[in-house]
Amino acid sequence: MKLTISVISGFDEGKRQSFTDFPISIGRLPDNDFQLKDPFVSRRHCTIYKEDNYFTLSDLKSTNKTVLNGKILKAPVTVKKADRLGLGSNLIEIDWRL
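Residues numbered from 1 in each chain as written. Predicted model: local features only at pLDDT ≥ 70, side-chain atom pairs only at ≥ 80, totals over all residues. Heavy atoms only, no water.

**Student:** Please clarify how the sheet that holds strand β3 (residues 24-27) should be interpreted in this entry.
**Tutor:** Sheets are built from strands that pair by backbone hydrogen bonding, the pairs being arranged parallel or antiparallel. Pairing is mixed in the open sheet, where 5 strands are placed in the order β4-β3-β5-β6-β9. The open sheet has two edge strands, β4 (34-35) and β9 (77-79), and neither has a second partner. (Pairing = 2+ DSSP bridges. Helix = DSSP H or I, 4+ residues; strand = E, 2+ residues; numbered from the N terminus.)

Set out below in structure tokens:
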């Protein structure tokens, strides 16, 4: 499976990257798989990992929270195609193909 993360608006607008190896770490530090520069994104903000034929999103106790489709993430949740993530000022779309 190939997962694509696209920043559609916000501080890091235009950043896009595809992945076939999982889990994916997202955050401000350069050693994250998907690095964001937004100062409101935590150094290690969240993780997306693959389980069978679906993906799960987990917040890593980020300072400004991970928002999925307008709701603050309180526990790991299954991500669906075209879900929207709010990380700092960024609005991010997730898509994947088998």
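**Student:** Just to check I follow, could you spell out unusual backbone geometry for this structure?
**Tutor:** Across residues other than glycine, the phi torsion is negative in most instances, and most of the peptide bonds are trans. Following Phe22, the chain continues to Pro23 via a peptide bond in cis, the omega torsion being 5 degrees. Mapped onto the elements, Pro23 comes out in the loop between β2 (16-19) and β3. A positive phi angle, near 55 degrees, is found at Asp52, a position not held by glycine.

**Student:** Mind showing me how you'd approach the layout of surface pockets here?
**Tutor:** A probe as big as a water molecule, rolled over the atoms, marks out the empty space that is left. For the largest pocket, the calculated volume is near 160 Å³. Every residue along the wall of the largest pocket is listed here: Lys2, Thr4, Ser6, Arg16, Ser18, Glu93, Ile94, Asp95, Trp96 and Arg97. Breaking the lining of the largest pocket down by element, the ones donating at least two residues are β1 (2-9), β2 and β11 (90-97). Per-element accounting of the lining of the largest pocket gives the leading share, 5 residues, to β11. For the lining of the largest pocket, the residue count by class is 2 nonpolar, 3 polar and 5 charged. (1 Å grid on protein atoms, 1.4 Å probe; cavity = no way out; pocket = protein on both sides within 12 Å on 5 of 7 lines; lining within 4 Å. Points joined across faces, edges and corners; volume = space filled by probe spheres on them. Nonpolar A, V, L, I, M, F, W, Y, C, P; charged D, E, K, R; others polar.)

None of this, on its own, says anything about what the molecule does.
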